Amino acid sequence: MASQTKKLSLILIALLLSSLASSVQSGGIAVYWGQDGREGTLKSTCDSGNYVIVILAFLTTFGNGQTPVLNLAGHCDPSSGGCKSLSTDIQACQTKGIKVLLSLGGGVGSYTLSSASDAQSVAQYLWNNYLGGTSSNRPLGNAVLDGIDLDIELGGTNYYDILSKSLSSYSSKGRKVYLSAAPQCPYPDAHLGQALSTGLFDYVWVQFYNNQPCEYQSGDVTKLTNSWNTWTSKVDAGKIFIGLPASTAAAGSGYIPPSTLDSEVLPMAKKSSKYGGIMLWDRYYDLQNNYSGQVLKSV
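Residues numbered from 1 in each chain as written. Predicted model: local features only at pLDDT ≥ 70, side-chain atom pairs only at ≥ 80, totals over all residues. Heavy atoms only, no water.

### What to know about the overall build of the protein chain
A tally of regular secondary structure across the protein chain gives 10 helices and 10 strands. Against the 2.2 N^0.38 benchmark of 19 Å for 299 residues, the protein chain shows a C-alpha radius of gyration of 21 Å, consistent with a compact globule. Principal-axis analysis of the C-alpha atoms places the extent of the protein chain at approximately 80 × 40 × 35 Å. Looking at the protein chain residue by residue over its 299 residues, the buried ones come to 50%. Partitioning the contacts of the protein chain with sequence separation of at least 6, the portion at a separation of at least 24 is 73%. In the structure as shown, the protein chain presents an accessible area of about 12900 Å², 51% of it carried by carbon and sulfur atoms. (Helix = DSSP H or I, 4+ residues; strand = E, 2+ residues; numbered from the N terminus. Rg over C-alpha atoms; globule rule 2.2 N^0.38 Å. Buried < 20%, exposed > 50% of the residue type's maximum accessible area, 1.4 Å probe, protein only. Contact = heavy atoms within 4.5 Å. Areas by Shrake-Rupley, 256 points an atom, 1.4 Å probe, with all protein chains shown as cover.)

### Thoughts on the nonpolar core
It is characteristic of soluble globular proteins that their nonpolar side chains tend to be buried jointly. Counting residues in hydrophobic clusters, the biggest one holds 76 residues, and the most contacted among them are L56, L102, L140, L163, I278 and Y291. The contact partners of Y291, leaving out residues within four places of it in the chain, are L244, A246, Y255, I256, P257, P258, L261, I278, L280 and D286. (Core = buried A, V, L, I, M, F, W, Y, C linked by side-chain atoms within 4.5 Å.)

### Thoughts on the state of the cysteines
Here a disulfide denotes one covalent bond, and it connects the sulfur atoms of two cysteines. Going through the model one piece at a time under the given rule, you end up with 3 disulfides. Two residues, C46 and C93, share a disulfide whose sulfurs are 2.1 Å apart. Taking the torsion about the sulfur-sulfur bond, which here is approximately 100 degrees, the covalent link between C46 and C93 counts as right-handed. Pair noted here: C46 is in helix α2 (residues 42-47) and C93 is in helix α3 (residues 86-95), with a separation of 47 residues, a long-range link. Accessibility classification places C46 together with C93 in one group, the buried group. (Disulfide = S-S within 2.5 Å.)

### A few points about helix α7 (residues 222-234)
Spanning 13 residues, α7 covers 18 Å between terminal C-alpha atoms, matching the ideal 18 Å at 1.5 Å per step. Packed against the buried residues of α7 are α6 (193-196), β8 (203-207), β9 (239-245), α8 (258-269) and β10 (275-281). (Expected span 1.5 Å × (residues − 1).)

### A look at the pattern of salt bridges
With the rule as written, the count across this model stands at 5 salt bridges. The shortest N-O distance in the salt bridge between D146 and R175 comes to 3.4 Å. One end of the pair, D146, is in the loop between α4 (116-129) and β6 (147-152); the other, R175, is in the loop between α5 (160-169) and β7 (178-181), and 29 residues separate them in sequence. When its relative accessible area of 39% is taken as the criterion, R175 is described as partly exposed. Connected via shared salt-bridge partners are K43, D47 and K96. (Salt bridge = Lys/Arg side-chain N within 4 Å of Asp/Glu carboxyl O.)

### Topic: the packing of aromatic side chains
Applying the stated criterion across every chain yields a total of 14 aromatic pairs. With a centroid separation of 5.9 Å and 20 degrees between ring planes, the pair formed by F58 and W281 is classed as stacked. Taken as a pair, F58 in strand β2 (residues 53-62) and W281 in strand β10 lie far apart in primary sequence, 223 residues in all. Overall, F58 belongs to the buried group, its relative accessible area being 6%. Residue W281 is classed as buried on the basis of its relative accessible area of 18%. (Phe/Tyr/Trp six-rings, centres within 6.5 Å; stacked < 30°, edge-to-face > 60°.)

Below you can see the structure in the form of structure tokens.
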């Protein structure tokens, strides 16, 4: 009888440990690629094994009747068709199970949405030229991207909810269009608040850098923790990521040493069921500092 009781106790302990393990959120690393020719190829980025999502940056011109312009810095010239060669790399990444998204906006560019119909037109353009539609001149070749990222930091603040709804509607065509956003950490984000209110976003990587009211500062995680709790409690999204600079040179402020991320930030963040991992700006700085390699097992 004592033996049976002992076995039962061991089984209960094993079940409890299993339950505790499953309740701890695990995540992945997303990274922006495309704004520095020294960061290596898209294929080598995916071959590193460090990332689950790669975001191509940026489509810097769109909306208000403008001809959309893709800017991948030193990598290729889309105006001459030079970026179509990326199609093979994109497909190689996707074969590994890595999602590849196209980011709209950024800190430099000429973009805005002038009306609801303008937003719908931009969505149609993105579908035909980067997603599952058809066009005679797809800038990245025949590869079908997994979705669209909104990193809106300039221009008007209206109609991004319409753009999001229009892009999401294309999922009915047979292949899901993933949506992500990169809001600044002050809540609500001035440019993306309306879009995020749609509840359509699969991933939201909040930029906890260059924003002193809500970022990590000199050993103090209080502001970041408070902001994280606000975002995870108020934003209806699939997964929310902690957006970070990959090195001290990648941003003016907000860099979190890997040891601090591991010991103080991630245990806090993983308490939320919405925790998705971390986002890094960007691949070039990550190569210099190996940030993703240092925190990969912790994320």
